[in-house]
Amino acid sequence: MTHDTQAAEAGHAPASAAWPIRLDGVSVIYPNGTAALRDVSLTIEAGEMVSVVGLSGSGKSTLIRTVNGLVPVTSGTVTVGPHTVSGLSGRRLREVRGHVGMIFQGFNLAPRLDVYRNTLVGRFARAGVLRRLLGVPSARDRQVALEALDTVGILEKVWARAGALSGGQQQRVAIARALSQEPSIMLADEPVASLDPPTAHAVMAELARINADRHLTVLVNLHLMDLARQYTHRMIGLRDGELVYDGPAAEATEADFEQIYGRRIQPPQRPAEQP
Amino acid sequence: MSAPASPGPTSEAPLVLPPRPRTWPRRALTLAALAAFTLATCLPAIGGVEIDLGAIARNWRHGAANLSALMQPNWAFVPRTIQPMLETLQMAFVGAAIAAALSIPLTLWAARPTNPNTVTRTAVRAVINVIRAVPDLVWATILVAMVGVGALPGLLTLVLFDVGIVVKLVSEAIDSADHPYLEAARAGGATQGQMNRGLALGQNLPLFANQWLYALELNVRISAILGIVGAGGIGRLLDERFGFFAYGDVSVIILEILVVVLVIEAASNLLRRRLA
């Protein structure tokens, strides 16, 4: 991380400090009546790396999206660092979001645009009124974005179309986009579900490295229990929108996972399939 | 409707299918309704259209005479058509360019992913729909009455017509696609304006370019006849020569329009293939 020290020496603003996340009695009921989260309370300390596990539809994505206000809470409060997210809107909400990086299962890049322009999206929230109007990045915006691409090792693809890259490369660009925000929290919604196992490990290792080097708070949704055990410190289990597990990830057993899922991990043997 | 129980060489028990849904009564009903409606429109007793096929037999001699006149183009007339033809092309190109510029903000305001505000989106769409509902020749007639005879009302007609087409088609294409990159930008604290200019426009530029070229093709075709109502271009000459029964001249004009339209279409197809 040589460029971090360089940036500090050059007199840039210091990398923002990690923020804690606090959910207090959070419930989310979607307009169609589905209760995605029921009275979830939890505290994540600044700099922790936490995984959220659960079946599809258990509320993992909703939980992570309440942190940056992509999903508004029906009741309860969400606090990140000094800000209460619930109830914010407009300029104030965008300002908080600027401090919260997020990566997605589908990478969410604009495939026709080059890597450079996709990465600069991470600087949008920091643009002043005039730059916002003109859409021209500042020298510092360019510097931060290019350094972020360098950090994730994909700087040589800076002029390539995002859609021309492999899945693993696209997720790296998405990480660089989030890092250009100079965030205090990093959210990851199923970041490796569309990737092959070696690429998945590479991306998880990248997130762990960001957590260690930049002391960012990282909250990551995962399907695979091995990845949760290997890369995260703490694991939160959701079932039907309720918090059913909260403990150290490394010690979670298969029984713990079956308790989170509410059913067995291996299907019972079918007689027809016996040799 | 029983499942076909044809035990193959490898299967021991017949397959049990769930009952197949019965769809044919509905399909038959739809077809019958369509046929009845078509028949009804042909009945003069209830105000249906009267189509007298006998007119073809009665007047064919007349038509044949005109056709044979058209078959003998008066090539000496060509020099007089060049100036109006250039005016037509100018109207088509300038109209398409102005419409392209106008269509960018209007389209982004008319599509849900790029304008989540229901009130402004509905307003823009309503205006576009009204513009589209009025036929181009009607626009031209109204505008000739408003700003006078010449190329200007023709140009305005083409701009209105193009904006209606481009905004509707492109905004609907944007609506029907997924835009996950916009969610990522929103999560990062971007304003809608930043997302639209920085991502949505660049990502959807091929959709725009396609319709802009299509608008240009249509413009060449339409501007050729706008002159009939006094809105400038080759159409005015066409109308005038027709009034003098100068079919040799008319023939030249028609051939010229044909050639120009084909050339523009070929060029636009070439460009479009490049864009894909």
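Residues numbered from 1 in each chain as written. Chains lettered and ligands numbered in written order. Predicted model: local features only at pLDDT ≥ 70, side-chain atom pairs only at ≥ 80, totals over all residues.

(A) Quick look at the overall build of chain B. Scanning chain B from N- to C-terminus turns up 11 helices and zero strands. When its helices and strands are written in sequence order, chain B yields α-α-α-α-α-α-α-α-α-α-α. By the compact-globule yardstick of 19 Å for 276 residues, chain B is too spread out, its C-alpha radius of gyration being 27 Å. With the C-alpha coordinates of chain B rotated into their principal frame, the extents come out at 85 × 60 × 45 Å. (Helix = DSSP H or I, 4+ residues; strand = E, 2+ residues; numbered from the N terminus. Rg over C-alpha atoms; globule rule 2.2 N^0.38 Å.)

(B) Fine view of the overall build of chain A. A count of helices and strands for chain A gives 10 helices and 10 strands. By residue count, 43% of the 275 residues in chain A fall in the buried class. Pairs at least 24 apart in sequence give 67% of the contacts found in chain A among residues at least 6 apart. (Buried ≥ 20, exposed ≤ 12 C-beta atoms within 10 Å, placed from the backbone. Contact = placed C-beta atoms within 7 Å.)

(C) Spotlight on the pairing of strand β6 (residues 100-103) of chain A. Residue and element names in this part refer to chain A. The two faces of β6 match: Val100 and Met102 on one face and Gly101 and Ile103 on the other face are all buried. In this structure, β6 lies alongside strand β7 (residues 185-188), joined through four bridges in parallel fashion. Within β7, the residue paired with Val100 across the bridge is Ile185. (Pairing = 2+ DSSP bridges.)

(D) Summary view of the sheet that holds β6(A). Residue and element names in this part refer to chain A. With mixed pairing, the six strands of this open sheet are ordered in space as β6-β7-β8-β3-β9-β10. Each edge of the open sheet carries a strand with a single partner, namely β6 and β10 (242-248). Within this sheet the neighbouring strands show an average axis-to-axis angle of 20 degrees, counted without direction. Direction of pairing for strand β3 (residues 49-53) relative to strand β9 (residues 234-239): parallel, over a ladder of four bridges. Of the residues in β9, the one forming a bridge with Ser51 is Met235. Contacting β3, β7 and β8 (217-222), helix α8 (residues 197-214) runs over the sheet at an angle of about 160 degrees to β8. (Axes fitted to C-alpha atoms, helices over the stretch in contact; angles between N-to-C directions.)

(E) Examining the interface of chain A and chain B more closely. Contact residues are listed per partner, giving 22 residues for chain A and 18 residues for chain B. The element contributing the most residues to the side of chain A that touches chain B is helix α3 (residues 90-98) of chain A, with four residues. Residues of the side of chain A that touches chain B, tallied by class, amount to nine nonpolar, seven polar and six charged. (Nonpolar A, V, L, I, M, F, W, Y, C, P; charged D, E, K, R; others polar.)

(F) Molecular detail of the packing of helix α3 (residues 78-110) of chain B against helix α11 (residues 247-275) of chain B. Residues and elements named next belong to chain B. Between α3 and α11, the least distance of the axes is 11 Å, while the angle of their chain directions is 50 degrees. Classified by the interaxial angle, the pair formed by α3 and α11 is oblique. You can see that α3 and α11 cross each other, and the crossing is right-handed. Of α11, the residues touching α3 (which contributes Val78, Thr81 and Met85) are Val252, Ile253, Glu256 and Val260. Partitioning the contact of α3 with α11 into residue classes produces five nonpolar, one polar and one charged. (Parallel < 35°, antiparallel > 145°, perpendicular 65-115°, else oblique. Left-handed = near helix turned anticlockwise from the far one by under 90°.)

(G) Spotlight on the packing of helix α4 (residues 118-133) of chain B against helix α6 (residues 151-176) of chain B. All names here are of chain B. One way to put it is that α4 packs onto α6 with a least axis distance of 9 Å and a crossing angle of 125 degrees. Between α4 and α6, the angle is such that the two are oblique. Between α4 and α6 lies a crossing whose hand is left-handed. Between α4, through Ile128, Ile131 and Arg132, and α6, the contact on the second element is made entirely by Leu160, Val163, Gly164, Val167 and Lys168. For the contact of α4 with α6, the residue count by class is five nonpolar, one polar and two charged.

(H) The sheet that holds strand β4 (residues 75-80) of chain A, seen in detail. All names here are of chain A. Read across the sheet, four strands follow the order β2-β1-β4-β5 without closing on themselves; strand pairing throughout is antiparallel. Across the chains shown, the open sheet's two edge strands, defined by having one partner strand only, are β2 (35-44) and β5 (83-84). Note that strand β1 (residues 21-29) and β2 share six bridges and pair antiparallel. Residue Ile29 lies in a different strand from β2, and its bridge partner there is Ala35.

(I) Geometry of the environment of A:Val121. Tracing the backbone shows A:Val121 in the loop between α4 (115-120) and α5 (129-134). When the C-alpha positions of A:Val121 and A:Ala17 are compared, they lie 21 Å apart, and in sequence the two are 104 residues distant. Sequence-distant contacts of A:Val121, defined by excluding residues within four places in its chain, comprise A:Arg177, B:Ala184, B:Ala185, B:Gly188, B:Ala190, B:Gly198 and B:Leu199.

(J) Geometry of the nonpolar core. Counting 134 residues, the largest nonpolar core has A:Val67 and A:Leu219 as the members making the most contacts within it. The element that contributes the greatest number of residues to this core is α6(B), accounting for 13 residues. The contact partners of A:Val67, leaving out residues within four places of it in the chain, are A:Ile21, A:Val78, A:Val80, A:Val85, A:Val100, A:Ile185, A:Leu187 and A:Leu219. (Core = buried A, V, L, I, M, F, W, Y, C linked by C-beta atoms within 7 Å.)

(K) Here's a closer look at helix α1 (residues 24-41) of chain B. If you check α1(B), its first and last C-alpha atoms are 26 Å apart, about what 18 residues at 1.5 Å a residue would give, namely 26 Å. Counting buried residues along α1(B), only zero of its 18 residues qualify, which leaves the element largely exposed. (Expected span 1.5 Å × (residues − 1).)

(L) Quick peek at the confidence of the model for chain A. For chain A, per-residue confidence averages 85 on the pLDDT scale, and 92% of positions sit at 70 or higher. Long-range and interchain partners of residues 1-14 of chain A, a stretch whose pLDDT sits below 50, account for six contacts in this model, where long-range means more than four residues apart. (pLDDT = per-residue confidence, 0-100.)

(M) Representation of the environment of A:Phe257 in the model. All names here are of chain A. Counting through the fold element by element, Phe257 comes out in helix α10 (residues 254-261). Classification of Phe257 by C-beta neighbours within 10 Å gives partly exposed; the count is 19. Residue contacts for Phe257: discarding those within four places in its chain leaves Met225, Ala252 and Ile265.

(N) Spatial organisation of unusual backbone geometry. Residue and element names in this part refer to chain A. A positive phi angle is found at Asn108, which is not glycine, with a value near 55 degrees. Structurally, Asn108 can be placed in the loop between β6 and α4. For Asn108, a count of 25 C-beta atoms within 10 Å corresponds to the buried category. Positive phi, close to 50 degrees, is recorded for Glu182, a residue that is not glycine. Within the secondary structure, Glu182 sits in the loop between α7 (167-179) and β7. The class for Glu182 is buried, based on 23 C-beta atoms found within 10 Å.

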